[in-house]
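# Notes for the structure review
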Amino acid sequence: AQSVSQHNHHVILSEAASLELGCNYSYGGTVNLFWYVQYPGQHLQLLLKYFSGDPLVKGIKGFEAEFIKSKFSFNLRKPSVQWSDTAEYFCAVISSGRSFQKLVFGTGTRLLVSP
Amino acid sequence: DAGVTQSPTHLIKTRGQQVTLRCSPKSGHDTVSWYQQALGQGPQFIFQYYEEEERQRGNFPDRFSGHQFPNYSSELNVNALLLGDSALYLCASSKGQRTYEQYFGPGTRLTVT
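What counts and how
- Residues numbered from 1 in each chain as written.
- Chains lettered and ligands numbered in written order.
- Predicted model: local features only at pLDDT ≥ 70, side-chain atom pairs only at ≥ 80, totals over all residues.
- Heavy atoms only, no water.
- Helix = DSSP H or I, 4+ residues; strand = E, 2+ residues; numbered from the N terminus.
- Rg over C-alpha atoms; globule rule 2.2 N^0.38 Å.
- Buried < 20%, exposed > 50% of the residue type's maximum accessible area, 1.4 Å probe, protein only.
- Contact = heavy atoms within 4.5 Å.
- Pairing = 2+ DSSP bridges.
- Axes fitted to C-alpha atoms, helices over the stretch in contact; angles between N-to-C directions.
- Disulfide = S-S within 2.5 Å.

A few words on the overall build of chain B. Of the regular secondary structure elements, chain B holds 0 helices and 11 strands. In sequence order, the secondary structure elements of chain B are arranged as β-β-β-β-β-β-β-β-β-β-β. Relative to the compact-globule value of 13 Å for 113 residues, chain B shows a C-alpha radius of gyration of 13 Å, a close match. Each of the three principal axes of chain B carries a C-alpha extent, and together these read 40 × 25 × 25 Å. Per-residue burial over chain B gives 50% buried out of 113 residues. Here the contacts in chain B between residues at least 6 apart in sequence split such that 54% fall between residues at least 24 apart.

Next comes the structure, spelled out in C-alpha cells:
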C-alpha cells in the first residue's frame, strides 16, 4: 500500500529564512507527486506537481520541489519565506498509469512564519 | 469557471443521526472523490464516483455511502454518526478515469456531539 511521510509536523521560521519540508513516499510503481497548501480558513490548493521529466519542478508563489527517485523523496523548498506563507502543507502521491486512483496524503506540516 | 462547490459549509449533528453532504464538481469534470480530514491529519480517501458508480473505496465502514447523479454532482451519506466522524469532508473533482489532477472544494465541517 502507498504511504507518505512528512518528517516535520511543525516548523517555525522568521521571514526571509529558507524553507525545506521533507516528504518521502512508499510505493513500488510509477507515481505522480503533489504538494498542496491549506491557508487558514481556506480550501486545499495545489502548489505544484510532478508527473514526469525534469525532477525539479516549480510551482506558484516561488515554491519548488525536487523529485529524487532513488530516495523516494519529493522535498518542498522556498528560498525566502514570507509571513503570508503561514499555512499547512501536504505532500501527496497517486499511482500513475492506472484508472481511478486515489490521492494518498501525508499528515501535513504546519508552517508558522513570524514577521 | 465555477470551481468545486460543497454544501453545507458547517453542520452539527448528534451521535446516531444521519447526515448528507453535497458536492458539485468543477465545470467539465465528471469524476468525484471524497476525503475525510480529521483535525491535525491529512485527508483520507473515502470513495470515488464515475458514471454514477463507485469505482474505488478506501478503508471506511459501510456507514459511509455515496451517490453520483447524472449531472455529475455527488452526495456523501453517513449513518449512525459517531463522535469520531467529526472532521472536514472534502470533495475533489477530476476529468475522466485518469484521476491524477484533482481539484478540491472548500469542504464541509461536520461536528458530531
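We now examine unusual backbone geometry. In most cases, non-glycine residues show a negative phi, while peptide bonds are predominantly trans. All names here are of chain B. Note the cis peptide between Ser-7 and Pro-8, where omega equals -5°. You can see Pro-8 is positioned in the loop between strand 1 (5-7) and strand 2 (10-13). Within the chain, Tyr-72 stands out as a residue other than glycine whose phi angle is a positive 80°. Among the secondary structure elements, Tyr-72 is positioned in the loop between strand 7 (64-68) and strand 8 (74-78). In this structure, Ala-80 takes a positive phi of about 45° despite not being glycine. Residue position: Ala-80 is located in the loop between strand 8 and strand 9 (87-94). Take Ala-80: its relative accessible area is 38%, and that puts it in the partly exposed class.

Further remarks concern the sheet that holds strand 3 (residues 19-24) of chain B. Residues and elements named next belong to chain B. With antiparallel pairing, the 4 strands of this open sheet are ordered in space as 1-3-8-7. Across the chains shown, the open sheet's two edge strands, defined by having one partner strand only, are strand 1 and strand 7. Sheet twist, expressed as the mean angle between neighbouring strand axes with direction ignored, is 20°. Pairing analysis gives 5 bridges linking strand 3 to strand 8, with the strands arranged antiparallel. Bridging from a neighbouring strand, Val-19 pairs with Val-78 of strand 8.

Turning our attention to the state of the cysteines. All names here are of chain B. According to the stated counting rule, one finds 2 disulfides over all chains in the structure shown. What pairs with Cys-23 in a disulfide is Cys-91, and their sulfur atoms sit 1.8 Å apart. Note on the Cys-23 and Cys-91 pair: the S-S dihedral is about -55°, so by sign convention the disulfide is left-handed. Taken together, the residues span a long stretch of sequence, with Cys-23 in strand 3 and Cys-91 in strand 9 at a distance of 68 residues. Cys-91 carries the same exposure label as Cys-23, and that label is buried.

On to the pairing of strand 9 (residues 73-78) of chain A, then. All names here are of chain A. Counting buried residues in strand 9 gives 5 out of 6 residues, a clear majority hidden from the surface. Note that strand 3 (residues 19-21) and strand 9 share 3 bridges and pair antiparallel. Each residue of the ladder has a partner; that of Leu-21, found in strand 9, is Leu-76. Connecting strand 8 (residues 64-68) to the next strand, strand 9, in antiparallel fashion are 4 residues, including Phe-72 with a positive phi near 50°.

So, about the environment of B:Gly3. All names here are of chain B. Its place among the elements puts Gly-3 in the segment before strand 1. Taking relative accessible area as the criterion, Gly-3 reaches 35% and is therefore assigned partly exposed. As for Gly-3 and Ser-24, which are separated by 21 residues in sequence, their C-alpha atoms are 8.4 Å apart. When residues no more than four places from it in sequence are discounted, the contact partners of Gly-3 are Ser-24, Pro-25 and Lys-26.

The values are spatial; any link to function lies outside them.
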